[in-house]
Amino acid sequence: MQRTFTGHYRAYRPGAFTRADREEVTILFGGLHWRAERLIQGALANLGYRTRVLPTATREDLLTGREVADIGQCCPTSFTTGNLANFLRGEARATSPGEVARKYAYVTAGACGACRFGQYHQSYELALRNVGMESFRMFLLAQNGLDQGAAEGGGIELDLRFTLGAIWAVIVADLVQDLEYQVRPYEVRPGETARVARECVEHLFEVFRTSPARGRRLAAPLWYLATGRFTRALREVHRAFGAIEVDRLRVKPVVKITGEFYLQTVEGDPNYNIHRWLEAEGAEVYPAAISIWLDYLMRHAGQDYEDHVGVARGARWKAGAVRAGQGILRWTYDRMRRALGDLPREMPAQRELRALAAPYFHSRLNGGEGDMLIGKALWAHRHRKAHMICELSPYSCMPNTMSIGAMAAVTGKHPDLLYAPLEIKGDAEIHALSRCQMILTEAKRRAQREFEDALAVNGLTMERARELVEAAPELARATFRVPRRGAAGTAANLVHHLAGIARPRKIRLPVTQEARA
């Protein structure tokens, strides 16, 4: 029998992407919510890159991913590999595989650790081989580095200008997303919030695209920290949202989204359109911010350095540098949040999340979102930020399986915490949403009971509450910040605020000499 030698396995190595290629090659990326993708596109255009956002993954992409890559991979891997494969196939049909490989390159995030995220590049490589696109160029952006130098060929420079532009774009997009999700459930004219959000994101795209940020090393971070360009733009966004009329006396349960990074971030088929489905079911969605994930990554890096103080040279200094980076991230987030009238929700402190999760999940287990899933659920419950937690976990995801197991202990000690863990396979929508609906029904009851209690304790009726809102036109503007008065729901907090308006104020008159006598 004749034996053939096929050669040793060679890891994928992309072809060179040179500076001269920038004028002709379009960089593909995706996998986030559309606001972040659009603003990152603006930040990269400012640096001279041609970019194109991949379309949101669909059920067809899921099936393609299973076909051309590892069948045992988690559904985010299937969605993203199938999404790329189908896009390249479509482009190749219009031209040729060689032309597609010449015209496009793909940039995505990479990592290592317990999660399959560390093997995404191998799934992409397998998919590229199976669709006949072995020469296609793919570059990994490590999620734990700010200045990674130039990619093969020097055409893509993963330096501070590249990274900081993307981070600032993510922060701004997170804030706009949070504001949009707070306003849309209460809009009086359906569709107005979505329209204003689209217009604002396009305006912010131009702000990033035409940014005067230049220089390298220290010049780039100093400019981003000192400039008022983005806060001025966000104040314009605040004014645009201020024209939206809202009715915040509608009683809606607040549902906080947590889970695996891709599934909690994307909006579409990969997570059964859970954000819009919850809104259609009468909920106010508390979306997951990418900025919190960045804060978490820095916290884990700092922990690692702290563990090596006295063992590894420079560990103490590096731990301090990471803490400083976290401080800068949070300061920037808060600064931009203030430009939006403090309407978007604050970032939870990572130390508090770690402390809350510590009895249930070890802080050094860093696969997926690790202890942050437990920490965020307890934080939202403890501070009455939401009526219900909806955790989106990929089928067979090891880190999320661990977190769901730990949450069993959490709900045992906190039986009043409403927790809906949804296992996302990509093709079991009815099962997942029906499970979520059961928990959501109880969340609606709690929101209604909370609202009625607020009316009763303040001696108000619904009719009187409506009169008070009509008497104060600013309360019907989307940019009015409803003070938090101990309730989770927006309507209940508004009732507590209205009670303060309704109470007659005691006026202290000056005491005359005659009165003293």
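Reference entry: report on the structure contained in this document. Not measured: the values here are computed from a predicted model.

Scoring rules and cut-offs
Residues numbered from 1 in each chain as written. Predicted model: local features only at pLDDT ≥ 70, side-chain atom pairs only at ≥ 80, totals over all residues. Heavy atoms only, no water. Helix = DSSP H or I, 4+ residues; strand = E, 2+ residues; numbered from the N terminus. Buried < 20%, exposed > 50% of the residue type's maximum accessible area, 1.4 Å probe, protein only. Contact = heavy atoms within 4.5 Å. Areas by Shrake-Rupley, 256 points an atom, 1.4 Å probe, with all protein chains shown as cover. Pairing = 2+ DSSP bridges. Axes fitted to C-alpha atoms, helices over the stretch in contact; angles between N-to-C directions. Core = buried A, V, L, I, M, F, W, Y, C linked by side-chain atoms within 4.5 Å. Disulfide = S-S within 2.5 Å. Parallel < 35°, antiparallel > 145°, perpendicular 65-115°, else oblique. Left-handed = near helix turned anticlockwise from the far one by under 90°. Nonpolar A, V, L, I, M, F, W, Y, C, P; charged D, E, K, R; others polar. Salt bridge = Lys/Arg side-chain N within 4 Å of Asp/Glu carboxyl O. Phe/Tyr/Trp six-rings, centres within 6.5 Å; stacked < 30°, edge-to-face > 60°.

1. Here we look at the overall build of the chain
What the chain contains, in helices and strands, is 20 helices and 10 strands. The proportion of buried residues among the 517 residues of the chain is 54%. Taking contacts inside the chain between residues at least 6 apart in sequence as the whole, the part at least 24 apart equals 76%. Accessible surface computed for the chain: about 23,900 Å², of which carbon and sulfur atoms make up 53%.

2. Quick notes on the sheet that holds strand β7 (residues 254-259)
Sheet architecture is open: 4 strands sit in the order β8-β7-β9-β10, paired in parallel fashion. With one partner strand each, in any of the chains shown, β8 (284-286) and β10 (419-424) form the two edges of the open sheet. For this sheet, the mean inter-axis angle between neighbouring strands, taken without regard to orientation, is 25°. The pairing of β7 with strand β9 (residues 388-394) spans 5 bridges and is classified as parallel. Within β9, the position partnered with Thr258 by the bridge is Glu391.

3. Some remarks on the nonpolar core
Among the nonpolar cores identified, the biggest contains 86 residues, and Leu39, Ile156, Leu234, Phe241 and Ile374 are the most heavily contacted of them. Here the element with the most residues in this core is helix α6 (residues 160-183); it accounts for 14 residues. Look past the residues within four positions of Leu39 in its chain and what remains in contact with it is Ala169, Val172, Ala173, Val201, Leu204, Phe205 and Phe208. Of all hydrophobic cores here, the second largest spans 28 residues; its members include Phe79, Ala283, Leu392 and Ala443.

4. Things to note about the state of the cysteines
The full count for this structure, using the stated rule, is 0 disulfides. With no disulfide of its own, Cys390 lies 4.2 Å from the sulfur of Cys436, the closest cysteine sulfur. For Cys390, a relative accessible area of 0% translates into the label buried.

5. Concerning the packing of helix α1 (residues 34-46) against helix α7 (residues 192-209)
With their axes 7 Å apart at the nearest point, α1 and α7 run at an angle of 20° to one another. In this view, α1 runs roughly parallel relative to α7, as classed from their interaxial angle. As for how α1 packs across α7, the hand of that crossing is right-handed. Between α1 and α7, the residues in contact are Trp34, Arg35, Arg38, Leu39, Gln41, Gly42, Ala43, Ala45 and Asn46 and Ala197, Arg198, Val201, Glu202, Leu204, Phe205, Phe208 and Arg209, respectively. Its residues placed into classes, the contact of α1 with α7 shows 9 nonpolar, 3 polar and 5 charged.

6. Thoughts on the pattern of salt bridges
Applying the stated criterion across every chain yields a total of 37 salt bridges. Between Arg129 and Glu125 there is a salt bridge, and its shortest N-O distance comes to 3.2 Å. You can see Arg129 and its partner Glu125 sitting in helix α5 (residues 120-130), 4 residues apart, about one turn around the helix. We classify Arg129 as partly exposed; its relative accessible area is 42%. One network of salt bridges, in which partners are shared, links Arg35, Glu180, Arg184, Glu267 and Glu279.

7. Focus on unusual backbone geometry
Its identity is not glycine, yet Asn273 carries a phi of approximately 50°, on the positive side. By secondary structure assignment, the location of Asn273 is in the loop between α10 (261-265) and α11 (274-280). Positive phi values are uncommon outside glycine, yet Arg384 reaches one of about 55°.

8. Observations regarding the packing of aromatic side chains
The full count for this structure, using the stated rule, is 11 aromatic pairs. Ring centres 5.2 Å apart and planes at 50° place the aromatic pair Trp168 and Tyr224 in the tilted group. Highlighted residues: Trp168 in helix α6 and Tyr224 in helix α8 (residues 219-226), separated in sequence by 56 residues. Given the relative accessible area of 6%, Tyr224 is considered buried. Note on Phe208 and Phe230: the rings are 4.6 Å apart at their centroids and 25° apart in plane angle, and the pair reads as stacked. Taken together, the residues span a long stretch of sequence, with Phe208 in helix α7 and Phe230 in helix α9 (residues 229-241) at a distance of 22 residues. Among the residues examined, Phe208 registers a relative accessible area of 2% and is labelled buried. Within the aromatic cluster, the residues linked to one another by ring pairs are Trp168, Phe208, Trp223, Tyr224 and Phe230.

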